[in-house]
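# Structural overview
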Amino acid sequence: MTRVAVVGVGAVGGVLAAGLLSTGRVEVTACVRSPLGGLRITRPDGSALEASIPEVVDPAEVSTVEWVVLATKAYQTAAASPWLSRLCGEGTRVVVLQNGVEHRERVAPLLGAARVVPAVVEISAESRRRGHIRLFGRPRLTVPEDDDGADFVALCRGSGIDVTSTSDFVTAAWAKLCLNAANGAVTALTMQRMPVFTNPRIAQLGRALVEEARQVATAAGAHLPDDLADQVIARLRAMPPESGSSMLWDRLAGREMEYDARNGAVVRAGARLGVPTPYNETVTALLEAVSAPGNAS
Ligand SMILES: NC(=O)c1ccc[n+]([C@@H]2O[C@H](COP(=O)([O-])OP(=O)(O)OC[C@H]3O[C@@H](n4cnc5c(N)ncnc54)[C@H](OP(=O)(O)O)[C@@H]3O)[C@@H](O)[C@H]2O)c1
């Protein structure tokens with residue numbers, strides 16, 4: 001049995017933990033801040049998967065494993081380091097299921113000799129109650145096409161999660177970030193769902209955020225179409241009216257928002273690569289201001 005520890009057993013980490021357990025080949029440990037009492041995943045067809053996974057609440061009680069799945073929000077990464085330092089040894093691979101393009105920069109300094117496997121997450125899931133996860137659509141992950149990526153594809157076989165590898169991970173990660181540069185920031189700042197993009201001026205702002213991210217992505221070596229911004233806004237406009245974004249739900253619930261791994265990452269990469277990012281800088285500043293203690297909605 002391959003030993004896997006999941007740190008961050010929320011919407012995404014819960015889907016991975018239950019999927020890996022269901023293969024029958026993997027011994028899964030859930031590393032949690034307080035007990036969950038099991039997982040219940042409700043699939044899009046209404047069927048449910050119940051998973052009883054050993055839970056550990058104290059990092060002192062875990063030891064080195066072959067794989068760690070890190071699926072906290074990006075801003076929770078540093079706080080998860082007591083888990084990572086106990087779970088990681090020389091051969092450990094840490095699959096980072098987080099949004100953005102800075103998986104290695106954020107996580108590698110916390111790992112010692114263990115290796116980061118970055119992943120693009122296309123899992124649409126929510127967890128309104130701890131341990132209870134609603135899954136929308138077929139879960140997909142994309143990892144780099146290298147030895148670690150190939151091993152992770154093999155690990156997930158039969159888990160119900162489609163994991164593919166790509167030789168152009170830079171493009172895959174930036175394509176997702178370009179989408180995320182617009183949808184989260186705009187819905188969270190306006191506190192409106194996706195139909196907000198039918199407003200022509202909001203659509204224009206969304207296009208500007210995506211186009212800036214695309215220019216940074218191109219400078220970073222990604223290959224994205226020139227009309228990506230139009231494509232993204234058309235896609236957001238076509239989404240069901242009840243659709244929102246995790247940043248919108250987080251803002252409405254008074255929780256911290258993951259804007260720094262999205263718009264903040266575009267700004268940082270733009271500064272490094274000499275690409276101006278005034279729209280992303282502006283929304284980062286606004287999101288930081290509305291996130292400041294005492295300023296929650
Ligand atoms: N959900 C989606 O549809 C989706 C889609 C694409 C990408 N993503 C990305 O996937 C990542 C995870 O998102 P998510 O939606 O799964 O978030 P989430 O539901 O908030 O789950 C995060 C989990 O991390 C746990 N956690 C935080 N700090 C911890 C610590 N120090 N030790 C142990 N556990 C800790 C939280 O536990 P508590 O219960 O104790 O708070 C929570 O269960 C994010 O980067 C997100 O942007 C999500």
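In what follows, the structure referred to is the one given above.
One structure accompanies this document, and this report is about it. (Residues numbered from 1 in each chain as written. Predicted model: local features only at pLDDT ≥ 70, side-chain atom pairs only at ≥ 80, totals over all residues. Heavy atoms only, no water.)

### So, the site of the ligand
Around the ligand lies a shell of 24 residues, among which R33, N99, I123, R130 and E258 are the nearest. G10 places a polar main-chain atom, nitrogen or oxygen, 3.3 Å from an oxygen atom of the ligand. Contact between the ligand and R130: an oxygen atom at 2.8 Å from a side-chain N or O atom of the residue. Starting from 900 Å² of accessible surface for the ligand in isolation, the protein chains cover 84%. (Near = heavy atom within 4 Å. Polar contact = N/O pair within 3.5 Å; in protein donor to acceptor, adjacent residues only side chain to side chain. Areas by Shrake-Rupley, 256 points an atom, 1.4 Å probe, with all protein chains shown as cover.)

### Some words on the packing of helix α5 (residues 169-190) against helix α10 (residues 278-291)
Packed helices, taken two at a time, are described by the angle between their axes plus the distance between the axes. Orientation of α5 relative to α10, taken along the N-to-C sense of each, is 40 degrees, at an axis distance of 11 Å. Accordingly, the angle class assigned to the pair α5 and α10 is oblique. Of the two possible hands of crossing, α5 and α10 adopt the one that is left-handed. From α5, A181, A185, A188 and L189 reach across to α10, where they touch N280, V283, L286 and L287. Considered class by class, the residues forming the contact of α5 with α10 number seven nonpolar, one polar and no charged. (Axes fitted to C-alpha atoms, helices over the stretch in contact; angles between N-to-C directions. Helix = DSSP H or I, 4+ residues; strand = E, 2+ residues; numbered from the N terminus. Parallel < 35°, antiparallel > 145°, perpendicular 65-115°, else oblique. Left-handed = near helix turned anticlockwise from the far one by under 90°. Contact = heavy atoms within 4.5 Å. Nonpolar A, V, L, I, M, F, W, Y, C, P; charged D, E, K, R; others polar.)

### Quick word on the environment of S127
Residue placement: S127 occurs in strand β8 (residues 115-129). When the C-alpha positions of S127 and I41 are compared, they lie 9.3 Å apart, and in sequence the two are 86 residues distant. Among residues more than four places away in sequence, those in contact with S127 are G10, A11, H132 and I133. A distance of 3.2 Å separates a polar atom in the side chain of S127 from the backbone oxygen of R129. Of the polar contacts made by the side chain of S127, one reaches the backbone oxygen of H132; its length is 3.2 Å.

### Examining the nonpolar core
Among the nonpolar cores identified, the biggest contains 37 residues, and L16, L20, L39, L97, L141 and F152 are the most heavily contacted of them. In terms of residues, this core owes the most to one element, helix α1 (residues 11-22), which gives six residues. Beyond its immediate stretch of four places on either side in the chain, L39 contacts V9, G14, A17, A18, L49, E50, A51, I53, G131 and I133. Listed in part, the 35 residues of the second largest apolar core include A182, A188, M257 and V266. (Core = buried A, V, L, I, M, F, W, Y, C linked by side-chain atoms within 4.5 Å. Buried < 20%, exposed > 50% of the residue type's maximum accessible area, 1.4 Å probe, protein only.)

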